[in-house]
Amino acid sequence: MIHIKSPEEIEEFRRCDALSKEALRLAGSLVRPGVSTKEIDAAVEAFIRLHGGTPAFKGLYGFPGSICASVNEEIVHGIPSPMRFLNEGDVISIDTGATVDGWVGDNAWTFYVGEVSDEVKGLCECTRDCLKVAIEQAKPGNHLGDIGYAVQHLAESNGYGVVREYVGHGVGRVMHEDPNVPNYGKRGRGVKLQVGMTIAIEPMITLGTYKNHTLANGWTVVTNDGLPAAHYENSVAITKDGPVILTADDQGPWCNMQGGE
Ligand code: MG
């Protein structure tokens, strides 16, 4: 069931979503060679709790971390570990969920660890562009297929892969609401977008094959060819005036961060 939010609810959601973004900004500031993904996780959890929120991922479906920390060939759902240290040239997708006053903020960004190769930079830049063109399609009267098509067309025309098994989603009072928001599709198909819908759009794009599998830990999704993936996510409200990025602030319409100008 799709939950339609009033303009007042969207405003409340926007204020709460800011904590998830600020947590993500903090996470990004900690990314450097030699840091462990658990250190970032612990700092983010403390930050969210200090500001009156709870980490939305911790315990969700049994997930052990407060963030998802997915390095290089890991696409999503990387488990933070005290044994996983970042190396120069890695990329890490960090996904931060925070619940505040009953609203769940959900945002992700792929950060560069030091200098990354031009090939990986190209992948990340294209994935950010995918998020941008997807958000532009999130307006009343369009369909979910318009969002999916925009991502798929841009990614594939640049020679990248589009992950099929993991998708964006409705978001609001719970982390995963209806509808699913795939990163592939046909224009004009799927659920019609209405004023008051709030959705998390999150392209997951790969340098090589989009085919993937889950590691033995039951969580971490990796590319079958071991080549890197990129992942960016923002929550967006569909309003009569078009898409409103819930994390937008005076620093930009969406999270502008290291590795993300
Ligand atoms: Mg999400």
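Above this text is the structure in question.
Bear in mind that the values here come from a model prediction, so they are computed numbers and not experimental data.

1. Digging into the overall build of the chain
Consideration 1: A tally of regular secondary structure across the chain gives four helices and 15 strands.
Consideration 2: Here the C-alpha atoms of the chain give a radius of gyration of 17 Å, agreeing with the 18 Å that 2.2 N^0.38 yields for 261 residues.
Consideration 3: C-alpha extents for the chain along the principal axes are approximately 45 × 45 × 35 Å.
Consideration 4: Burial analysis of the chain (261 residues in total) assigns 54% to the buried set.
Consideration 5: Looking at the chain as shown, the accessible area adds up to about 10,600 Å², and 53% of this sits on carbon and sulfur atoms.

2. With respect to helix H2 (residues 37–50)
Since the α-helix advances by 3.6 residues per turn, residues separated by three or four positions end up pointing in the same direction.
Consideration 1: With 14 residues, H2 extends 20 Å from end C-alpha to end C-alpha; this agrees with the ideal 20 Å at 1.5 Å per step.
Consideration 2: Turning to H2, the residues buried within the fold contact helix H1 (7–30), strand E1 (54–55), strand E2 (67–71) and strand E4 (91–100).
Consideration 3: Where H2 terminates, the next one or two residues include Gly 52, which has phi positive at roughly 85°.

3. Some remarks on the pattern of salt bridges
Consideration 1: Summed over all chains, the structure comprises 10 salt bridges.
Consideration 2: Two residues, Arg 14 and Glu 11, come together in a salt bridge whose shortest N-O distance is 2.9 Å. Here Glu 11 and Arg 14 lie together in helix H1, a separation of three residues that amounts to about one turn.
Consideration 3: A residue is classified by how much of its surface remains accessible, and Arg 14, at 29% relative accessible area, is partly exposed.
Consideration 4: Three or more residues are tied together by salt bridges with common partners; here these are Glu 45, Arg 49 and Lys 58.

4. Observations regarding the coordination of the magnesium ion
Consideration 1: For the magnesium ion, the protein coordination sphere consists of Asp 106 (OD), His 169 (NE2), Glu 202 (OE) and Glu 233 (OE), at 2.1 to 2.3 Å.
Consideration 2: Here the donor residues of the magnesium ion share one chain and are spaced in sequence as D-x62-H-x32-E-x30-E. Here the residue Asp 106 occupies a position in strand E5 (residues 103–112), and Glu 233 occupies one in the loop between strand E13 (229–231) and strand E14 (234–239), the gap between them amounting to 127 residues. With respect to burial, Asp 106 and Glu 233 carry one shared label: buried.

5. Here we look at the nonpolar core
Consideration 1: Ranked by internal contacts, the top residues of the largest apolar core, which has 58 residues, are Ile 40, Ile 92, Ile 94, Ile 147 and Ile 201.
Consideration 2: A total of eight residues in this core trace back to one element, the largest contributor, which is helix H3 (residues 118–136).
Consideration 3: Those residues in contact with Ile 94 that sit more than four places away from it in its chain are Leu 24, Ala 27, Val 31, Ile 40, Ile 67, Cys 68, Asn 107, Ala 108, Trp 109 and Phe 111.

6. Brief notes about the sheet that holds strand E10 (residues 204–206)
Where strands meet in a sheet, backbone hydrogen bonds hold them as pairs that are either parallel or antiparallel.
Consideration 1: On the basis of which strands lie adjacent, the open sheet formed by three strands has the order E6-E10-E13 and antiparallel pairing. The two strands at the open ends of the sheet, each matched to only one other strand, are strand E6 (161–162) and E13.
Consideration 2: Pairing between E10 and E13: three bridges, direction antiparallel. When the sheet's bridge partners are listed, Ile 205 is paired in E13 with Ala 230.
Consideration 3: Across the face of the sheet, H3 comes into contact with E10 and E13 while running at roughly 35° to E13.

Conventions and cut-offs
Residues numbered from 1 in each chain as written. Predicted model: local features only at pLDDT ≥ 70, side-chain atom pairs only at ≥ 80, totals over all residues. Heavy atoms only, no water. Helix = DSSP H or I, 4+ residues; strand = E, 2+ residues; numbered from the N terminus. Rg over C-alpha atoms; globule rule 2.2 N^0.38 Å. Buried < 20%, exposed > 50% of the residue type's maximum accessible area, 1.4 Å probe, protein only. Areas by Shrake-Rupley, 256 points an atom, 1.4 Å probe, with all protein chains shown as cover. Expected span 1.5 Å × (residues − 1). Contact = heavy atoms within 4.5 Å. Salt bridge = Lys/Arg side-chain N within 4 Å of Asp/Glu carboxyl O. Donors = N, O, S within 2.8 Å, 3.2 Å for Na, K, Ca; no water. Core = buried A, V, L, I, M, F, W, Y, C linked by side-chain atoms within 4.5 Å. Pairing = 2+ DSSP bridges. Axes fitted to C-alpha atoms, helices over the stretch in contact; angles between N-to-C directions.

Shape descriptors only; they carry no functional weight alone.
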